[in-house]
Amino acid sequence: MEFIIDTVYEYMALKHIKGLSDTTISLMMEKRGTISGIFQEKADFFYGSNIQSTVVDRILTKSFNEQAVESQIRRAEDAGISIITLEDERYPKMLKEVYAPPALLYVLGNSECLNNICVGIVGSRSCSKMAENFAYKLSKELAEVGITVVSGFAYGIDIASHKGALNYGATACVLGSGLANIYPAAHAKYIDKILEKGGCLLSEFTLDETPLPANFPRRNRIISGLSKAIAVIEAGYKSGSLITCRFALEQNREIFAVPAFPGGRNSATNSLLKQGAKFLESSLDIISDLQYDLKIKLNENNSEIVENSIKALEIEDETGQKIYDALSIEPLSLNNICLKLNIDVVSAMSAIACLELDGIIEKAQDEKYIIKII
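Description of the structure in this document. (Residues numbered from 1 in each chain as written. Predicted model: local features only at pLDDT ≥ 70, side-chain atom pairs only at ≥ 80, totals over all residues. Heavy atoms only, no water.)

**Considerations on the overall build of the protein chain**
Looking only at helices and strands, the protein chain features 18 helices and 11 strands. For the C-alpha atoms alone, the extent of the protein chain along its principal axes is close to 85 × 40 × 35 Å. Taken across its 374 residues, the protein chain has 52% of its residues classed as buried. By sequence separation, contacts in the protein chain at least 24 residues apart represent 66% of the contacts at least 6 residues apart. (Helix = DSSP H or I, 4+ residues; strand = E, 2+ residues; numbered from the N terminus. Buried < 20%, exposed > 50% of the residue type's maximum accessible area, 1.4 Å probe, protein only. Contact = heavy atoms within 4.5 Å.)

**Regarding the side chain of Ser124**
Relative to the helices and strands, Ser124 is located in the loop between β3 (118-123) and α7 (129-144). Overall, Ser124 belongs to the buried group, its relative accessible area being 9%. Ignoring anything within four residues of it in the chain, the contact list for Ser124 reads Tyr155, Gly156, Ile157, Ile233, Glu234, Ser241 and Asn266.

**A closer look at the nonpolar core**
Of all hydrophobic cores here, the largest spans 72 residues; its most connected members are Leu14, Met28, Phe153, Leu201 and Leu202. Counting residues in each nonpolar core, the second largest holds 25 residues, with Val119, Ala131, Leu142 and Ala231 among its members. (Core = buried A, V, L, I, M, F, W, Y, C linked by side-chain atoms within 4.5 Å.)

**Focus: the packing of aromatic side chains**
With the rule as written, the count across this model stands at four aromatic pairs. Plain terms: the ring middles of Tyr9 and Phe64 are 6.3 Å apart, the flat faces sit at 70° to each other, and that makes the pair edge-to-face. With Tyr9 in helix α1 (residues 7-15) and Phe64 in the loop between α4 (53-60) and α5 (66-78), this pair connects stretches of sequence that are 55 residues apart. The buried category is assigned to Phe64, whose relative accessible area is 13%. By way of ring pairs, the aromatic residues Tyr9, Phe39 and Phe64 are connected into one cluster. Looking at Lys31, its charged tip hangs above the ring of Phe45, at a distance of 4.5 Å from the centre. Note that Arg125 overlies the ring of Phe216, its terminal NZ or CZ placed 5.8 Å from the centroid. (Phe/Tyr/Trp six-rings, centres within 6.5 Å; stacked < 30°, edge-to-face > 60°. Lys NZ or Arg CZ within 6 Å of the ring centre and 35° of its normal.)

**Observations concerning the sheet that holds strand β8 (residues 254-257)**
Reading across the sheet, the nine strands line up as β1-β2-β6-β5-β4-β3-β7-β8-β9 and stay open at both edges, with mixed pairing between neighbours. Strands at the two margins of the open sheet, each flanked by one partner only, are β1 (81-85) and β9 (278-279). Where β1 and strand β2 (residues 104-109) come together, five bridges link them in antiparallel fashion. Residue pairing in the sheet places Ile81 in a bridge with Leu108 of β2. Of the strands in this sheet, β2, β3, β4 (148-151), β5 (171-174), β6 (200-203) and β7 (229-233) are in contact with helix α10 (residues 215-226), which crosses β5 at around 155°. Here helix α11 (residues 240-250) sits on the sheet and contacts β3, β7 and β8; the angle it forms with β7, its principal contact strand, is near 155°. (Pairing = 2+ DSSP bridges. Axes fitted to C-alpha atoms, helices over the stretch in contact; angles between N-to-C directions.)

Right, here's the structure in full:
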């Protein structure tokens, strides 16, 4: 049976031509108005488009693997994966605005959520438990007002953000691998719930693409490109989160950063704040900034709902209150709590046990106690 040649096929074919970039495909589409019929163009069209002569020759001679192109399209269709080209109405509007957007996207799930107001949440894979809790809570509250939470499906801040949004709205997971090669594999267990809640997984890479290091900066530009704003929670000075921020600046997106305790390995958010990023203490900081895009109007009651979630708790037990106040500043071990607050071990352990039972604090993997904010 002959394979039907359509616009998706032509985009896919161009992507399979060696040396042909998304930038060039975008320029050709803008010049012609459509990619449809591109392989019927004469040589003059391409030579006048600043395309390398070797690449032009490959287009004119259709130097691509037809079987590979047809296989990609059929496999995607069989798996329920949409292939969305630059000319497709479903292509995310925000992403289309950036320089050299991906010529096509593979999307599993509800692509419509990508045209909601999106906020990207990024941060360290090896984040603290407190940062993980904050990411979960932030994404939960953003999802509750109709924002699509976008992140990279990685360990740490990424997956905490996806999980926070899951029960309250849609989340979009941008992969640095193909959709038939989910990375990390341990997170595949969340896919059904993501799709059930109206979210999606997406990638610009062919179905079997492996998670090569070079793929992740490309993934990061999609996260920022989809988003009205980027929130950074714990980031190292040499991290993908800062790459995302550079893309966000180029794409004229707002950047929000959570301040970090000085000197920590993930304290690069402090540098972002010094450079002009907006201070992020609660979801209200982002929601108030996007309220006109969201078509909502915040009043005193709206503000109180979010602000109350970050106000210090009033705890009846005096020792418990002292411990809570100290942990509001930084995580502390039992020994440090006793030394810092000048209280005996028995009193400290008793108060800590009550706070844990009430779900107010918890012990992180490093044996330090933190405030439980989810």
